[in-house]
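In case you want the letters, here they are:
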Amino acid sequence: MEINWKAEVDKHFDDYLEDLTTLLRVKSVRDDDAATEDAPVGPGPKEALETFLSIAERDGFTTKNVANLAGRVEYGEGDETLGILGHVDVVPVDDAWETDPFEPVIKDDKIYARGSSDDKGPMLACYYGLKMIKELGLPVSKKVHFIVGTDEESDWKGVTRYFETEPMPDFGFSPDAEFPIINGEKGIFTMLLHFPALGTGALKAFAGGQRDNMVPGDAEATITGVSVEDAKAKAEVFNGENPVKVTVKAGNGDEVIVHVEGKVSHGAQPENGHNASTYLAVFLRTLSDELKKDQYLTFIEERLHTDFDGEKLGIKHHDDVMGDLSENPGVFKPEADGQMISVNCRVPRGLTFAEIDAIVDKHGEKYGFTRTDASHLQEPHYCPPTDPLVTTLLDVWKEHSGQPGHEQVIGGGTYGRLFERGVAYGAAMPGAIDTMHQPNEFEPLDTLRLSMAIYADAIYRLIK
């Protein structure tokens with residue numbers, strides 16, 4: 001049976017945009033401070049999960065909510081199960097947005113909102129692909145479990161809880177990356193470096209960054225022993241020589257407050273951003289001899305600043321298939337009795353997390369910090385290009401896009417790695433501007449239209 005999937009998309013696209021607008025309006029940022037037993041990662045992600053499941057129930061699907069942490073939409077019958085894994089949570093926003101990030105706006109044939117490209121827009125386009133298959137009554141020989149999580153942008157608590165009680169699909173994909181396919185993902189490894197508390201010297205406070213997997217766009221420090229006028233003069237010079245903006249103002253008493261505005265980007269591509277926290281450390285060390293000698297600031301400048309591939313830290317590594325290691329110092333903040341830096345690494349095959357720990361611990365001896373590892377660690381994942389899952393998805397991509405298909409490995413982490421035979425598939429187009437995790441996130445409407453047709457055709461070929 002020959003199906004004109006693009007014509008089917010045209011019939012459904014207005015309804016899709018209406019549902020997407022509803023979902024994008026939900027402020028589904030994980031909020032542990034507001035978490036309850038009924039909303040384990042905060043009220044926003046729970047509301048987004050319930051919103052999505054209600055859409056599927058309206059469309060006649062069977063659904064299941066697992067502890068308000070993840071959910072499932074079911075379709076089809078058969079001995080094998082295709083899993084599709086997306087997420088309804090989003091990363092935090094800042095004040096650099098030109099529009100309300102939770103009030104979708106369509107302009108220049110793009111939809112602007114947090115989650116439009118990561119991952120509410122693509123995830124719902126994929127759901128609509130399944131919905132079109134259902135409405136057409138096409139014969140299928142396999143089951144589909146369309147699974148959504150609520151904290152993909154943090155530690156995957158949702159899908160971890162889901163798979164404690166629910167069956168693992170036999171194969172599948174995640175609509176949460178880019179075309180033509182992502183069949184390899186680097187390992188994801190976050191170290192927490194614990195320094196003594198600040199405040200005993202000229203550096204009184206230092207903070208920057210929101211998430212491990214985001215390049216900090218803002219950072220701020222409180223210092224003493226420096227005049228506001230001198231700091232402002234040096235900031236003017238520094239701003240002319242660096243891609244960030246340093247501002248200085250008087251604080252309480254003799255305190256001076258220094259703020260740096262950098263550029264946010266996804267932590268898997270730290271070279272695309274300007275890390276406000278590391279630039280702040282570099283600038284502070286120009287202000288006085290005491291700040292220049294501060295171990296915390298010295299470590300940041302000597303080992304972390306613009307160290308995108310881990311060379312300064314001593315963990316640089318390359319794999320011929322997976323490429324280079326990348327490193328993002330994501331969060332700088334005070335903690336109980338100390339000061340913490342999180343360092344998020346994307347690690348190719350061939351270098352173990354234990355080997356990284358041993359190297360970093362040597363730096364700890366020199367710079368006066370201890371290390372622990374974050375709990376959510378992910379080993380490298382690779383689904384070979386000969387797998388029928390990969391070949392089928394690439395065939396669909398080539399037929400609908402008219403562009404060549406090829407394997408790809410990324411530093412980002414998607415739910416596709418949860419399946420032994422799992423990949424990520426769309427919806428970003430090759431060469432497109434990537435606004436994931438950034439202010440003014442958007443997704444072109446043409447991308448969503450094409451993605452919906454691709455997803456429908458791909459799902460049907462995999463389950464018919």
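Our structure's up above, just so we're on the same page.
Note that this is a predicted model, so its numbers are computed, not measured.

**Overview of the overall build of the protein**
Point 1. From N to C terminus, the protein includes 11 helices and 24 strands.
Point 2. For 464 residues, the compact-globule estimate of 2.2 N^0.38 gives 23 Å, and the protein sits close to it at 23 Å.
Point 3. Expressed along its principal axes, the backbone C-alpha trace of the protein runs to roughly 75 × 45 × 45 Å.
Point 4. Across the 464 residues that make up the protein, the buried fraction comes to 58%.
Point 5. In the protein, of all internal contacts separated by at least 6 residues, the share reaching a separation of at least 24 is 77%.

**Overview of the packing of helix H6 (residues 276-284) against helix H8 (residues 295-304)**
Point 1. Orientation of H6 relative to H8, taken along the N-to-C sense of each, is 120°, at an axis distance of 9 Å. One way to sum up the angle between H6 and H8 is to call them oblique. Here H6 and H8 pass one another in a crossing that is left-handed. Where H6 approaches H8, its residues Ser 277, Thr 278, Ala 281, Val 282 and Leu 284 are matched on the opposing element by Leu 297, Ile 300, Glu 301 and Leu 304.
Point 2. When its residues are assigned to classes, the contact of H6 with H8 shows 6 nonpolar, 2 polar and 1 charged.

**Regarding the sheet that holds strand E21 (residues 409-410)**
Point 1. Read across the sheet, 3 strands follow the order E20-E9-E21 without closing on themselves; strand pairing throughout is mixed. Both edges of this open sheet fall to strand E20 (381-382) and E21, since each of them pairs with a single strand only.

**Here we look at unusual backbone geometry**
Among all residues save glycine, negative phi is the norm, and among peptide bonds the norm is trans.
Point 1. Residue Asp 119 is bonded to the preceding Asp 118 through a cis peptide linkage, with omega at 0°.
Point 2. In this structure, Asp 119 sits in the loop between strand E5 (110-112) and helix H3 (120-136).
Point 3. With an omega of 15°, the peptide bond running from Gly 426 to Ala 427 counts as cis.
Point 4. Backbone geometry at Ala 67 places phi at a positive 60°, although glycine is not the residue there.
Point 5. Inspection of the secondary structure assignment puts Ala 67 in the loop between strand E1 (62-66) and strand E2 (70-76).
Point 6. The backbone of Trp 156 sits at a positive phi, close to 60°, despite the residue not being glycine.
Point 7. When you line up the elements, Trp 156 lands in the loop between strand E6 (143-149) and helix H4 (157-165).

**Side note on the packing of H3 against helix H11 (residues 445-463)**
Point 1. Where H3 meets H11, the closest approach of the two axes is 8 Å, and the angle between their N-to-C directions is 50°. Taken together, the axes of H3 and H11 lie oblique to each other. Our pair here, H3 against H11, has a crossing hand that is right-handed. Here Gly 121, Pro 122, Ala 125, Cys 126, Tyr 128, Gly 129, Leu 130, Met 132 and Ile 133 of H3 come into contact with H11, specifically with Leu 448, Met 452, Tyr 455, Ala 456, Ile 459 and Tyr 460.
Point 2. Here the residues of the contact of H3 with H11 sort into 13 nonpolar, 2 polar and no charged.

**Details of H11**
Because each turn of an α-helix spans 3.6 residues, side chains separated by three or four positions in sequence point in the same direction.
Point 1. Helix length check: H11, at 19 residues, gives a terminal C-alpha distance of 27 Å against a target of 27 Å (1.5 Å per residue), a fit within 8%.
Point 2. In terms of burial, H11 is a largely internal element, 16 of the 19 residues being buried.

**What to know about the nonpolar core**
Point 1. Formed by 65 residues in total, the largest nonpolar core has its most connected members in Tyr 16, Phe 52, Tyr 127, Phe 146, Phe 173, Tyr 425 and Ile 459.
Point 2. Among the elements that make up this core, the one with the highest residue count is H11 (13 residues).
Point 3. Every residue in contact with Phe 173, bar those within four places of it in the chain, is listed here: Leu 82, Gly 83, Ile 84, Leu 85, Cys 126, Leu 393, Phe 419, Val 423, Tyr 425, Tyr 455, Ile 459 and Leu 462.
Point 4. One finds Ala 221, Ala 231, Val 244 and Leu 287 within the second-largest nonpolar core, a separate group that totals 49 residues.

**Re the pattern of salt bridges**
Point 1. Summed over the entire model, instances satisfying the criterion amount to 27 salt bridges.
Point 2. Notably, a salt bridge pairs Asp 319 with Arg 349, separated by 3.3 Å at the nearest N-O pair. You can see Asp 319 sitting in strand E15 (residues 318-319) and its partner Arg 349 sitting in the loop between strand E18 (338-347) and helix H9 (353-367), a full 30 residues away along the chain.
Point 3. Since its relative accessible area comes to 14%, Asp 319 is described here as buried.
Point 4. Using a relative accessible area of 33% as the deciding quantity, one classes Arg 349 as partly exposed.
Point 5. Linked by salt bridges that have partners in common, Asp 19, Arg 58, Asp 59 and Lys 131 make up one network.

**Points about the state of the cysteines**
Point 1. Scanning the entire structure with this criterion turns up 0 disulfides.
Point 2. Here Cys 126 is not cross-linked by a disulfide; its sulfur's nearest cysteine counterpart is in Cys 383, at 17 Å.
Point 3. Its relative accessible area of 1% is what places Cys 383 among the buried residues.

**Focus: the sheet that holds E1**
Point 1. Spatially, 6 strands are ordered E1-E2-E6-E3-E7-E22 in an open sheet, and the strand pairing comes out mixed. What marks the edges here is a single partner per strand, and that holds for E1 and strand E22 (422-424). Strand after strand, the sheet turns through a mean of 20° between neighbouring axes, direction not considered.
Point 2. In the packing of helix H10 (residues 388-401) onto the sheet, the strands contacted are strand E7 (171-174) and E22, and the crossing angle to E22 comes to about 30°.

**Considerations on the pairing of E1**
Point 1. In the sheet, E1 pairs with E2 via 5 bridges, with the strands oriented antiparallel. Across the sheet, Thr 62 pairs through a bridge with Glu 74, a residue of E2.
Point 2. Here E1 folds back onto E2 in antiparallel fashion, the turn holding 3 residues, of which Ala 67 has a positive phi close to 60°.

**A look at the side chain of Asp 59**
Point 1. Counting through the fold element by element, Asp 59 comes out in the loop between helix H2 (43-58) and E1.
Point 2. A relative accessible area of 15% means that Asp 59 is categorised as buried.

Scoring rules and cut-offs
Residues numbered from 1 in each chain as written. Predicted model: local features only at pLDDT ≥ 70, side-chain atom pairs only at ≥ 80, totals over all residues. Heavy atoms only, no water. Helix = DSSP H or I, 4+ residues; strand = E, 2+ residues; numbered from the N terminus. Rg over C-alpha atoms; globule rule 2.2 N^0.38 Å. Buried < 20%, exposed > 50% of the residue type's maximum accessible area, 1.4 Å probe, protein only. Contact = heavy atoms within 4.5 Å. Axes fitted to C-alpha atoms, helices over the stretch in contact; angles between N-to-C directions. Parallel < 35°, antiparallel > 145°, perpendicular 65-115°, else oblique. Left-handed = near helix turned anticlockwise from the far one by under 90°. Nonpolar A, V, L, I, M, F, W, Y, C, P; charged D, E, K, R; others polar. Pairing = 2+ DSSP bridges. Expected span 1.5 Å × (residues − 1). Core = buried A, V, L, I, M, F, W, Y, C linked by side-chain atoms within 4.5 Å. Salt bridge = Lys/Arg side-chain N within 4 Å of Asp/Glu carboxyl O. Disulfide = S-S within 2.5 Å.

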